[in-house]
Amino acid sequence: MVKYNSPTNSENFFPTINDILCDIEFVRKSKKHKISNVASVFDIEATSFYDNGEKRACMYAWVFGLNGRCIRGRTWEEFFEVLDVLKKTYNLSLKNRLVIYIHNLSYEFQWFRKYFEWEKVFSVDNRKPLYAVTKCGIEFRCSYLLSGYSLSVLGENLTKYKVRKKVGDLDYSLMRHTKTKLTDKEWGYILNDGLVVMAHIQEEIERLGGIKNIPLTKTGYVRELCKEKCLKGTDRWTFIDTIKS
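What comes next is a walk through the structure. The structure displayed is predicted, hence computed values, not measured ones.

By convention here, two paired aromatic rings are described through the distance between centres and the angle between planes. Counted by the stated rule, this structure contains 25 aromatic pairs. Grouped by ring-pair contacts, the aromatic residues Phe42, Trp62, Trp76, Phe79, Phe80, Phe109, Phe112, Tyr115, Phe116, Trp118 and Phe140 constitute a single cluster. Over the face of the ring belonging to Trp187 we find Arg72, whose NZ or CZ atom lies 4.5 Å from the ring centre.

Looking at the secondary structure, you find Val124 in strand β7 (residues 118-125). When its relative accessible area of 44% is taken as the criterion, Val124 is described as partly exposed. For Val124 and Leu145, which are 21 residues apart along the polypeptide, the C-alpha to C-alpha distance reads 9.8 Å. Those residues in contact with Val124 that lie beyond four places of it in its chain are Leu130 and Leu145.

Let us look at helix α5 (residues 184-208). If you check α5, its first and last C-alpha atoms are 36 Å apart, about what 25 residues at 1.5 Å a residue would give, namely 36 Å. Just past α5, the residue Gly209 takes up positive phi, approximately 85°.

Taken as a whole and judged by the stated rule, the model has 10 salt bridges. Across the pair Glu54 and Arg56 runs a salt bridge, and its minimum N-O distance is 3.5 Å. With a relative accessible area of 38%, Arg56 lands in the partly exposed category. For the salt bridge of Glu139 with Arg97, the shortest nitrogen-to-oxygen distance reads 3.3 Å. Taken as a pair, Glu139 in strand β9 (residues 138-142) and Arg97 in strand β6 (residues 96-102) lie far apart in primary sequence, 42 residues in all. By the burial criterion, Glu139 is buried, and Arg97 matches it.

For β7 and strand β8 (residues 128-134), the ladder comprises 6 bridges, and the chain directions are antiparallel. When the sheet's bridge partners are listed, Asp125 is paired in β8 with Lys128. Here β7 folds back onto β8 in antiparallel fashion, the turn holding 2 residues, of which Arg127 has a positive phi close to 55°.

This part covers the nonpolar core. One finds Phe42, Trp62, Phe64, Leu86, Phe112 and Phe140 to be the most contacted residues of the largest nonpolar core, which totals 37 residues. Counting residues per element, the ones that place at least two in this core are β3 (40-51), β4 (54-66), α1 (76-89), β6, α2 (105-112), β8 and β9. When residues no more than four places from it in sequence are discounted, the contact partners of Trp62 are Phe42, Asp43, Ile44, Ile71, Arg72, Gly73, Arg74, Thr75, Glu78, Phe79, Val82 and Trp187. Core analysis: the second largest hydrophobic core is formed by 33 residues, Val41, Val99, Leu182 and Ile205 among them.

Rules behind the numbers
Position numbers for residues count from 1 along each chain, tracking the sequence in the order it is written. Only residues with pLDDT of at least 70 are given local features in this predicted model, and only at 80 or more are side-chain atom pairs given and counted; all residues enter the totals for whole chains, interfaces and linings. As a convention, hydrogens and water are excluded, and side-chain values are obtained from all of the structure's heavy atoms. Ring pairs are drawn from Phe, Tyr and Trp, using the six-membered ring of Trp, whenever the two centres fall within 6.5 Å, and their geometry is named by plane angle: stacked under 30 degrees, edge-to-face over 60, tilted for the rest. The criterion for a charge sitting over a ring is simple: Lys NZ or Arg CZ within 6 Å of the ring centre, and within 35 degrees of the ring normal. Counting from the N terminus, the helices are the DSSP runs of H or I reaching at least four residues and the strands are the DSSP runs of E reaching at least two. Here's how the labels work: a residue is buried when its accessible area is under 20% of the maximum for its type, exposed when over 50%, partly exposed in between, all with a 1.4 Å probe on protein chains only. Working rule for contacts: check all heavy atoms of both residues, and any pair within 4.5 Å makes them a contact. To estimate the expected span of a helix, count its residues, drop one, and scale the result by 1.5 Å. By definition, a salt bridge exists where a carboxyl oxygen of Asp or Glu is found within 4 Å of a side-chain nitrogen of Lys or Arg. When DSSP locates at least two bridges between a pair of strands, those strands are taken to pair. To form a nonpolar core, buried Ala, Val, Leu, Ile, Met, Phe, Trp, Tyr and Cys residues must be joined to one another through side-chain atoms within 4.5 Å.

Written out as structure tokens, the structure reads:
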């Protein structure tokens, strides 16, 4: 497992994607594919407004993080360029996937769903995807459905890689676009959102012994515990027979 870059050493954005690339271990998730055993995150900031009475919105900033370090951008084109580098660097495909967590995938998914070719999108409700797999080997997962916590509460519950969501540093009442100049304080707010989610995923990777053991939802923890207790001292088929009876 690659050594994680603690938030205390990642308090600033790095210039380019090449500055945060690291060795990634890909672990077997199923007979058909492997997934990246590393914490990675994507998050956007957007502004909504009315245009002749019709509500519209635009994304004006994003953060992408890998193994505790983050880069930033202002446009979707910049983000897609980052993904191209990741695909080439790690030879990504449906058999070799990079897992990227998004806190509230339901929101971001509506922004980028038309930009990708999708292999599979699994939703728990209408417009509420749990995970989404692109044909190019990127697997987006929802960290909110995994934790059940808001970003602020998620940060408060971190135990090893302590980082807190910043409050009040980004005025959501202001209208912004990709050319709007952002202050260091505003960028710091955006940075911390990425660091909080990455720290949580890293703590889960270490606690559970790998990303392959992280469930998709918070109820998955209970199911796994139930399986562990029921299977103790027996085999899988005995467990299945017991459930059926």
